[in-house]
Number of protein chains: 2
Amino acid sequence: ALPQYLVRWVPIAGIAGILAGAASALLIWSLNQATRIRESHLWLIALLPLAGLVEGLLYLYIGRDVSGGNNLIFEQIQQPTRRLQFRMTPLILLTTFMTHLFGGSAGREGTALQTGASLADQLTRPFRLDERGRRILLMAGLSAGFGSVFGAPLAGAVFGMEVLAIGSVSYDAILPCFVASLIGNITTSALTEHEAAFRVGYVPYLNVRTLVLAAIAGAIFGAVGLAFSWIAHQIELFFKNHVRYVPMRPFFGGVLVALAAAAIHSTRYLGLGARPIVEAFALRVSPWDWLGKLLFTALTLGAGFKGGEVTPLFFVGATLGNALSRFIALPMPLLAAMGFVGVFAGAANTPIASTLLAMELFGAEAGSFAAIACIFSYLFSGHSGIYRTQRVQVNKY
Amino acid sequence: ALPQYLVRWVPIAGIAGILAGAASALLIWSLNQATRIRESHLWLIALLPLAGLVEGLLYLYIGRDVSGGNNLIFEQIQQPTRRLQFRMTPLILLTTFMTHLFGGSAGREGTALQTGASLADQLTRPFRLDERGRRILLMAGLSAGFGSVFGAPLAGAVFGMEVLAIGSVSYDAILPCFVASLIGNITTSALTEHEAAFRVGYVPYLNVRTLVLAAIAGAIFGAVGLAFSWIAHQIELFFKNHVRYVPMRPFFGGVLVALAAAAIHSTRYLGLGARPIVEAFALRVSPWDWLGKLLFTALTLGAGFKGGEVTPLFFVGATLGNALSRFIALPMPLLAAMGFVGVFAGAANTPIASTLLAMELFGAEAGSFAAIACIFSYLFSGHSGIYRTQRVQVNKY
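Residues numbered from 1 in each chain as written. Chains lettered and ligands numbered in written order. Predicted model: local features only at pLDDT ≥ 70, side-chain atom pairs only at ≥ 80, totals over all residues. Heavy atoms only, no water.

A positive phi angle, close to 50°, is found at His265(A), a residue other than glycine. Among the secondary structure elements, His265(A) is positioned in the loop between α10 (248-263) and α11 (274-280). A relative accessible area of 75% places His265(A) in the exposed class. Although it is not a glycine, Arg128(B) adopts a positive phi angle of roughly 50°. You can see Arg128(B) is positioned in the loop between α5 (109-121) and α6 (131-150). Since its relative accessible area comes to 74%, Arg128(B) is described here as exposed. (Helix = DSSP H or I, 4+ residues; strand = E, 2+ residues; numbered from the N terminus. Buried < 20%, exposed > 50% of the residue type's maximum accessible area, 1.4 Å probe, protein only.)

One copy of the chain maps onto the second through a rotation around an axis plus a translation along that axis. Between the two copies, chain B and chain A, the superposition gives an RMSD of 0.0 Å; the rotation angle is 180° and the shift along the axis is 0.0 Å. The symmetry that links the two subunits is that of a two-fold axis. (Least-squares fit on C-alpha atoms with pLDDT ≥ 70 in both.)

Attention now goes to the interface of chain B and chain A. Across the contact, 44 residues belong to chain B and 44 residues belong to chain A. Roughly 3,900 Å² of surface becomes buried between chain B and chain A when both sides are summed, with 83% attributable to carbon and sulfur atoms. Broken down residue by residue, the surface that chain B buries against chain A is led by Leu2(B), Tyr171(B) and Tyr397(B), which jointly contribute 17%. For the pair chain B and chain A, the number of links is zero salt bridges. (Contact = heavy atoms within 4.5 Å. Buried area = accessible area lost by both parts, 1.4 Å probe. Salt bridge = Lys/Arg side-chain N within 4 Å of Asp/Glu carboxyl O.)

Turning our eyes to something else, we now look at the side chain of Thr297(A). All names here are of chain A. Within the element layout of this structure, Thr 297 appears in helix α12 (residues 289-302). Judged by relative accessible area, which is 0%, Thr 297 ranks as buried. Engagement of the side chain of Thr 297 in a polar contact is seen with the backbone oxygen of Lys 293, the distance being 2.7 Å. Those residues in contact with Thr 297, other than ones at most four positions away along the chain, are Ser 105, Phe 228, Gly 302 and Pro 312. (Polar contact = N/O pair within 3.5 Å; in protein donor to acceptor, adjacent residues only side chain to side chain.)

Let us look at the packing of aromatic side chains. To describe a pair of aromatic rings, one takes the distance between the centres and the angle between the planes. Counting across every chain of the model gives 44 aromatic pairs over all chains. Here the aromatic rings of Phe146(A) and Phe150(A) are separated by 4.9 Å at their centres, their planes lie at 65°, and the arrangement is edge-to-face. One end of the pair, Phe146(A), and the other, Phe150(A), are both in helix α6 (residues 131-150), four residues apart, so they sit about a helical turn from each other. By the burial criterion, Phe146(A) is buried, and Phe150(A) matches it. With a centroid separation of 5.2 Å and an interplanar angle of 55°, the aromatic rings of Phe74(B) and Tyr387(B) are classed as tilted. (Phe/Tyr/Trp six-rings, centres within 6.5 Å; stacked < 30°, edge-to-face > 60°.)

Closest axis-to-axis distance for the helix α8 (residues 174-191) of chain A/helix α16 (residues 367-380) of chain B pair is 10 Å, and the angle between their directions is 155°. Classified by the angle between their axes, α8(A) and α16(B) sit roughly antiparallel to one another. Like other packed secondary-structure pairs, α8(A) and α16(B) cross with a definite hand, here left-handed. Taken together, the residues of α16(B) that come into contact with α8(A) (itself represented by Ile174(A), Leu175(A), Phe178(A) and Leu182(A)) are Ser368(B), Ala371(B), Ile372(B), Ile375(B), Phe376(B), Tyr378(B) and Leu379(B). Taken together, the residues that form the contact of α8(A) with α16(B) break down as ten nonpolar, one polar and no charged. (Axes fitted to C-alpha atoms, helices over the stretch in contact; angles between N-to-C directions. Parallel < 35°, antiparallel > 145°, perpendicular 65-115°, else oblique. Left-handed = near helix turned anticlockwise from the far one by under 90°. Nonpolar A, V, L, I, M, F, W, Y, C, P; charged D, E, K, R; others polar.)

Interpretation note: all reported values are geometric properties and have no functional meaning in isolation.
In structure tokens, the structure reads:
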């Protein structure tokens, strides 16, 4: 009944939110430190191969059971077998810090999802949750991780509900997902400095012409999201086939990433890439920025470095939108915003969460354009994506 | 495949959007006329019983097959049997106009859903849609009707996907729903004057205290949404049991509504109630306004008058939120906004569409508070609502 349901789930989701939010705050703080240190000590990038080796060794000797990462979490939600170990949290925080300190190109959402879900799962036993309860708890952990690390609680809540399966959403976790994501966001906000907001500025009237333009942009975002998933997967298969000893894969990947950065004389595509994302809303960036970030990230993550995909996808999308403003007659900042959420929507197959993300980050005015970009990207990105254990529940077309 | 899918569905959804949007524009215009005429000729209210009789006779003799209204549409989506007749559109437009001209308390979304869906269904034969295609088309028609009449295309799109079943959403109609709703909104915007925006003003920080306050408000909104559905249903049963001849039910209902308005010496609870809704965001309204509107609307619709439930629910929610600001330490305009979407979210069982509605009408800043109100209202409103053929797909708790 409802009273028991609330007495049970509001505290559990609240605690899961606090845990996830605190972990996200630690993650944000540590990545800020990593970025600051790396940018003033560029020789650290030469050590990226060693960092990759250490990450590989850590997961081989201490973290074998949690090396599945997000895909492991999705599997546990779809078919629960055993609890996510607590060590998932310190391991992913430490290795993500290393990836960023030494210049790998990666994000932070994968990390936030893993800390959110593995910390949440520690509540399964004390609260004596059954299989269905545990499933709901893990979804709430995903919501809280996503919502807190990006400062977008509504997008986070819907993300946790939307990401598990392509084409359908069930509301049985709606309360825990929203409570955990909102509490997670409150926690992270209290512990970190406010991040800079993005400005989209002028949003034109939606009419048939601008709608068609937005749909074309969305289709391109979806194709690029698909390309990212595919290339990262091919790189992963290449390393699997050619490097037998698992920890050597990120070692060689690190060699390639460091050499590539040296070859282009630029650190622009290393790390999170927060600054180029902000630039994409304000100035004309290189028309190939999106491709550079896509390849650096696919190489970093495909080789086995730890970290997330989503902030790089924001980078790819925002700079791609920026570049498309040369051909598509929509304002550049609006196209950057549409790309920011659009490429992600296609690669993660989460169109509604991505639309909410746009409204929370860029304001409700951008909502209709963002929604078109996200829906068309979702359609054009195929039936798989960055989360390989995501199920296809309902075909897209 | 995707190209065929797009070539098929973008035009169909676009045409459905244009048809629904044009009908919504006609509806908005006609209700503005009805309201203006009634307010300067209050004696028209004395004719409300006759108007009810005429509406009843119209549906008995011409509209028997379409008298199911929204519930008939939902049934046709869940289990298609035969096409919605075109006559649903002129009949519901005419009878809704009559309800408003003579002072019944009703809304317009029920009308917009019926025109959107019945006009869309006229495309089933020319485009040779199969059962599944027709289902998608009708959902797009609902989306376009809702999105266009309320000027909230994203809420409309998600409403069409969310309203059919409680507890789950399938994305198989996501493209047609968004395209139809956006095109519907463009069409209505082009044909009508811009309606006044609501101002929520200051939104406090979300913290644990304000979150709990918002949740309490949401629970109250849900209980009131439930009460509305229940009372309207009881009134309907009462008339069914005591008045055998169907057209006499709205006649007697009209007598009661007109007498009640005379008894309280006020026309405040008649018609759409657009002005009191705006007042609820700006000044202290009577703490019983919400109950007055609830009872007038339940009586009007329960007796069989035609029109929608949603604008009255916005009225009930906004004035209830306004009243709650005496006890709940949140800003009055924010509580009015939360109630506006919250009572509706519970009564229609559409929490995500309602959250998007809040963001589109009140701005993204109000989003988190609106979401909490909508989720808690959804939980507290029970497993039925204003749409009686809505299915329970996943239990709420």
